[in-house]
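For reference, the chains in residue letters:
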Amino acid sequence: MNEPPFLGSYRYQDMSLGATDSIGAYRLEREEIKDYARRWDPMPFHIDEALAKASMYGGLTACGNHLMAIRIHLLQSQGVNPNVLASFGYDEVRFVKAAYAGDVLGLTLECASKRLSESRPNCGIVQLKFTLDNQDGETVLSMFDTILMRDAVA
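We now turn to the structure provided with this report. Treat the numbers as computed from the prediction; the structure is a model and nothing was measured. (Residues numbered from 1 in each chain as written. Predicted model: local features only at pLDDT ≥ 70, side-chain atom pairs only at ≥ 80, totals over all residues. Heavy atoms only, no water.)

### Quick word on the overall build of the chain
Part 1 of the argument: Helix and strand content of the chain: four helices and five strands.
Part 2 of the argument: Ordering the α and β elements of the chain from the N terminus gives β-α-α-α-α-β-β-β-β.
Part 3 of the argument: Across its three principal directions, the C-alpha atoms of the chain cover 60 × 30 × 25 Å.
Part 4 of the argument: Taken over 154 residues, the chain has a buried fraction of 38%.
Part 5 of the argument: Surface summary for the chain: the accessible area is close to 8300 Å², and the carbon and sulfur share equals 50%.
Part 6 of the argument: Counting 15 positive and 20 negative side-chain charges, the chain places the centres of these two groups 3 Å from one another. (Helix = DSSP H or I, 4+ residues; strand = E, 2+ residues; numbered from the N terminus. Buried < 20%, exposed > 50% of the residue type's maximum accessible area, 1.4 Å probe, protein only. Areas by Shrake-Rupley, 256 points an atom, 1.4 Å probe, with all protein chains shown as cover. Lys, Arg positive; Asp, Glu negative; His and termini not counted. Charge placed at Lys NZ, Arg CZ, Asp CG, Glu CD.)

### Topic: the nonpolar core
Part 1 of the argument: Leu28, Leu67, Val126, Leu128 and Leu132 are the most contacted members of the largest nonpolar core, which totals 29 residues.
Part 2 of the argument: Elements that contribute at least two residues to this core include exactly β1 (20-27), α4 (64-76), β3 (104-116), β4 (123-133) and β5 (139-150). (Core = buried A, V, L, I, M, F, W, Y, C linked by side-chain atoms within 4.5 Å.)

### Quick word on the state of the cysteines
By definition, a disulfide is the covalent link that joins the sulfur atoms of two cysteine residues.
Part 1 of the argument: Under the defined criterion, the tally for this structure stands at zero disulfides.
Part 2 of the argument: Just so you know, cysteine 111 is unpaired, no disulfide at all, and the nearest cysteine sulfur is the one on cysteine 123, 16 Å from it.
Part 3 of the argument: Relative accessible area serves as the criterion here: at 1%, cysteine 111 is assigned to the buried category. (Disulfide = S-S within 2.5 Å.)

### Focus on the side chain of histidine 66
Part 1 of the argument: As for its position among the elements, histidine 66 is in helix α4.
Part 2 of the argument: Judged by its relative accessible area of 2%, histidine 66 falls in the buried class.
Part 3 of the argument: Sequence-distant contacts of histidine 66, defined by excluding residues within four places in its chain, comprise Leu28, Glu32, Ile33 and Tyr36. (Contact = heavy atoms within 4.5 Å.)

### A short note on the pairing of β3
Part 1 of the argument: Summarising the sheet, β1 and β3 pair through seven bridges and their orientation is antiparallel. Bridge pairing in β3 places tyrosine 26 opposite leucine 105.
Part 2 of the argument: Two elements, β3 and β4, share 10 bridges in a ladder whose sense is antiparallel. The residue of β4 that forms the bridge with leucine 109 is phenylalanine 130.
Part 3 of the argument: Turn length for the β3-β4 hairpin, with the two strands adjacent in sequence and antiparallel, is six residues, and the turn residue asparagine 122 shows positive phi of about 60 degrees. (Pairing = 2+ DSSP bridges.)

### As for the pattern of salt bridges
Part 1 of the argument: Applying the stated rule across the entire model yields six salt bridges.
Part 2 of the argument: Of the charged contacts, one joins glutamate 49 and lysine 34 as a salt bridge, the two residues approaching to 2.6 Å between their closest N and O atoms. Residue glutamate 49 is found in helix α3 (residues 49-54), and its partner lysine 34 is found in helix α1 (residues 30-40); the two are separated by 15 residues along the sequence.
Part 3 of the argument: With a closest N to O distance of 2.8 Å, arginine 38 and aspartate 35 form a salt bridge. Note that arginine 38 and aspartate 35 are positioned in helix α1 at a spacing of three residues, about one turn of the helix.
Part 4 of the argument: A residue is classified by how much of its surface remains accessible, and arginine 38, at 47% relative accessible area, is partly exposed.
Part 5 of the argument: A residue is classified by how much of its surface remains accessible, and aspartate 35, at 46% relative accessible area, is partly exposed.
Part 6 of the argument: Connected through shared salt-bridge partners, Arg30, Glu31, Lys34 and Glu49 make up one network. (Salt bridge = Lys/Arg side-chain N within 4 Å of Asp/Glu carboxyl O.)

Without other data, these values stay purely geometric and don't point to any function.
And the structure:
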């Protein structure tokens, strides 16, 4: 991990371009995959083990929105940062590889860009790159999140 850390109560001015941090691990359980998919994305390869095994995936896989929820869970499990005021949206969301029951997922974030806000005094805009990787170091999700953060104390 490079200093300063992303986690905790960091502010815009604490962010360094290229700095990275890692958070993990989250074990993806079979029943969780099925339960999430039954409610939000009931594709056969997410809910039926026999059909999933016969599919191009060769086994039960988590849906993309489930992976995005795991990303948020891992991020917020370190504590909610009160200096993050909003997310402006996600860019370049990619489901790179299937995530399977039993996978252990870890999250890496990197400060990809930053600039002071022109419309909000004492705030900055930071773009973070996220990757969610399995236990073999293979990326299952990659994306950017652009956030509004407090800068110096007003």
